[in-house]
Amino acid sequence: MVEFKITPLIREAIDKALLSSLLKDELRDRLLTHTAHNQAKISLPTVKDLTEFLRVNSIPGTEKYRWVHEILVGSDIIPPSSGNSDKISNDQVAKMMALREQQLNREYERMVKNVSKSSESARETPELKLYNESMSFGIGLLVTMVSVFVAVYWAFNRVYGTTVGVVAGIIGASIAVGAELALMMIRSARQQENSALDQKNRKKKEAAHADSVKRAKLNASAIETHVIEPTRKLTA
């Protein structure tokens, strides 16, 4: 059985798990055997069960070591004693490597999830968006012109006659068109500002994604150094 040296990080994780009322009795009994200060080693199955409990139940204060490769950073494999004929098999090494790959894949999927969603929401065709906005503005402008012309013509026609009513209606429609154009320019300026802000936020997300990938590579390097390489040396 593969065993690791108990580090302060592992001991802290054990203490936090024992404080939880969600901990099952079987795992609690196993963890209690590792609370003594003279107990310096812990088995890999126990480490896996411990991290799974912390992760599934979201135990507060354990965000930094809810995966096997995170909690084992700084720990070393304890070589089998000379009187023990049990050897670390290649199957065990393969299982550890497969576990490492699974954890990294899950972490990577979690990191790119938000980035993928934002990319899908930005797939709207620019030409279609421009066409819809132009149609909406054109119809709104036409309705405004007709409505203002009719209202002003009706008001002035009753008092000053048809000619004055027509002239007043044209002037009123022109003023309404100018106001609509001014509002369009203001909306366009705001859209440009929002577009620039969205682009800035997208760059921040991309930078955060790149940083997360970098951390995942560092975690992979750490488990390669502290887990896989020592195990390979023991099996050699």
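All values reported here derive from a predicted model rather than from experimental measurement.

Trainee: Hey, could you run me through the overall build of the protein in this one?
Mentor: Within the protein, the regular secondary structure consists of seven helices and two strands. Each helix and strand of the protein, placed in order from N terminus to C terminus, yields the pattern β-α-α-β-α-α-α-α-α. Buried residues in the protein amount to 27% of all 236 residues. Across the protein, the fraction of contacts at a sequence separation of at least 24, relative to all contacts at a separation of at least 6, is 71%. When the accessible surface of the protein is summed, it comes to about 15700 Å², and 57% of that surface belongs to carbon and sulfur atoms.

Trainee: Please clarify how the nonpolar core should be interpreted in this entry.
Mentor: Where a protein is soluble and globular, its nonpolar side chains tend to be buried together. Residues L31, L50, L54 and I71 are the most contacted members of the largest nonpolar core, which totals 24 residues. Those elements giving two or more residues to this core turn out to be α1 (8-18), α2 (25-32), α3 (44-56) and α4 (68-71).

Trainee: Any chance you could explain the packing of α1 against α2 here in plain terms?
Mentor: Axes are the key here: two packed helices are described by the angle between their axes and the distance separating the axes. Axis separation between α1 and α2 bottoms out at 10 Å; the angle between their running directions is 140 degrees. Judged by the inter-axis angle, α1 sits oblique to α2. At the point where α1 passes α2, the crossing takes the left-handed sense. Two secondary-structure elements touch here, α1 through I14, A17 and L18 and α2 through R28, L31 and L32.

Trainee: Honestly, α3 in this entry has me stumped. Any pointers?
Mentor: Given 3.6 residues per helical turn, the α-helix brings residues three or four places apart onto the same face. Taking 1.5 Å of rise per residue, the 13 residues of α3 would be expected to cover 18 Å, and the 18 Å separating its terminal C-alpha atoms lies within 8% of that figure. Of all the residues in α3, the buried ones are L44, T46, V47, L50, T51, F53 and L54. S58 occupies a position one or two residues after α3 and carries a positive phi of about 50 degrees.

Trainee: Mind showing me how you'd approach unusual backbone geometry here?
Mentor: Where the residue is not glycine, phi is negative for most of them; where a peptide bond is considered, it is trans in most cases. Its identity is not glycine, yet S58 carries a phi of approximately 50 degrees, on the positive side. For S58, the position within the fold is in the loop between α3 and α4. By relative accessible area, S58 is classed as partly exposed at 43%.

Trainee: Help me out: how do you make sense of the packing of aromatic side chains in this one?
Mentor: Two aromatic rings, taken as a pair, are described by how far apart their centres are and by the angle between their planes. Tallying each qualifying case throughout the model produces two aromatic pairs. The interplanar angle of 10 degrees and the centroid separation of 6.1 Å between the aromatic rings of F149 and Y153 together place this pair among those described as stacked. Here Y153 and F149 lie together in helix α6 (residues 126-160), a separation of four residues that amounts to about one turn. Using a relative accessible area of 24% as the deciding quantity, one classes Y153 as partly exposed.

Trainee: Can you help me understand the pattern of salt bridges in this one?
Mentor: Here the idea is simple: oppositely charged side chains can pair when their charged atoms come close. Summed over the entire model, instances satisfying the criterion amount to three salt bridges. As a salt-bridge pair, R30 and E26 come within 2.8 Å of each other at their nearest N and O atoms. You can see R30 and its partner E26 sitting in helix α2, four residues apart, about one turn around the helix. Owing to a relative accessible area of 23%, R30 belongs among the partly exposed residues under this scheme. Residue D49 pairs with R30 through a salt bridge whose shortest N-O separation is 2.6 Å. Residue D49 is located in helix α3, and its partner R30 is located in helix α2; the two are separated by 19 residues in the primary sequence. Accessibility expressed as a relative area gives 28% for D49, which makes it partly exposed. Among the charged side chains, a network of salt bridges with common partners joins E26, R30 and D49.

Criteria and thresholds
- Residues numbered from 1 in each chain as written.
- Predicted model: local features only at pLDDT ≥ 70, side-chain atom pairs only at ≥ 80, totals over all residues.
- Heavy atoms only, no water.
- Helix = DSSP H or I, 4+ residues; strand = E, 2+ residues; numbered from the N terminus.
- Buried < 20%, exposed > 50% of the residue type's maximum accessible area, 1.4 Å probe, protein only.
- Contact = heavy atoms within 4.5 Å.
- Areas by Shrake-Rupley, 256 points an atom, 1.4 Å probe, with all protein chains shown as cover.
- Core = buried A, V, L, I, M, F, W, Y, C linked by side-chain atoms within 4.5 Å.
- Axes fitted to C-alpha atoms, helices over the stretch in contact; angles between N-to-C directions.
- Parallel < 35°, antiparallel > 145°, perpendicular 65-115°, else oblique.
- Left-handed = near helix turned anticlockwise from the far one by under 90°.
- Expected span 1.5 Å × (residues − 1).
- Phe/Tyr/Trp six-rings, centres within 6.5 Å; stacked < 30°, edge-to-face > 60°.
- Salt bridge = Lys/Arg side-chain N within 4 Å of Asp/Glu carboxyl O.

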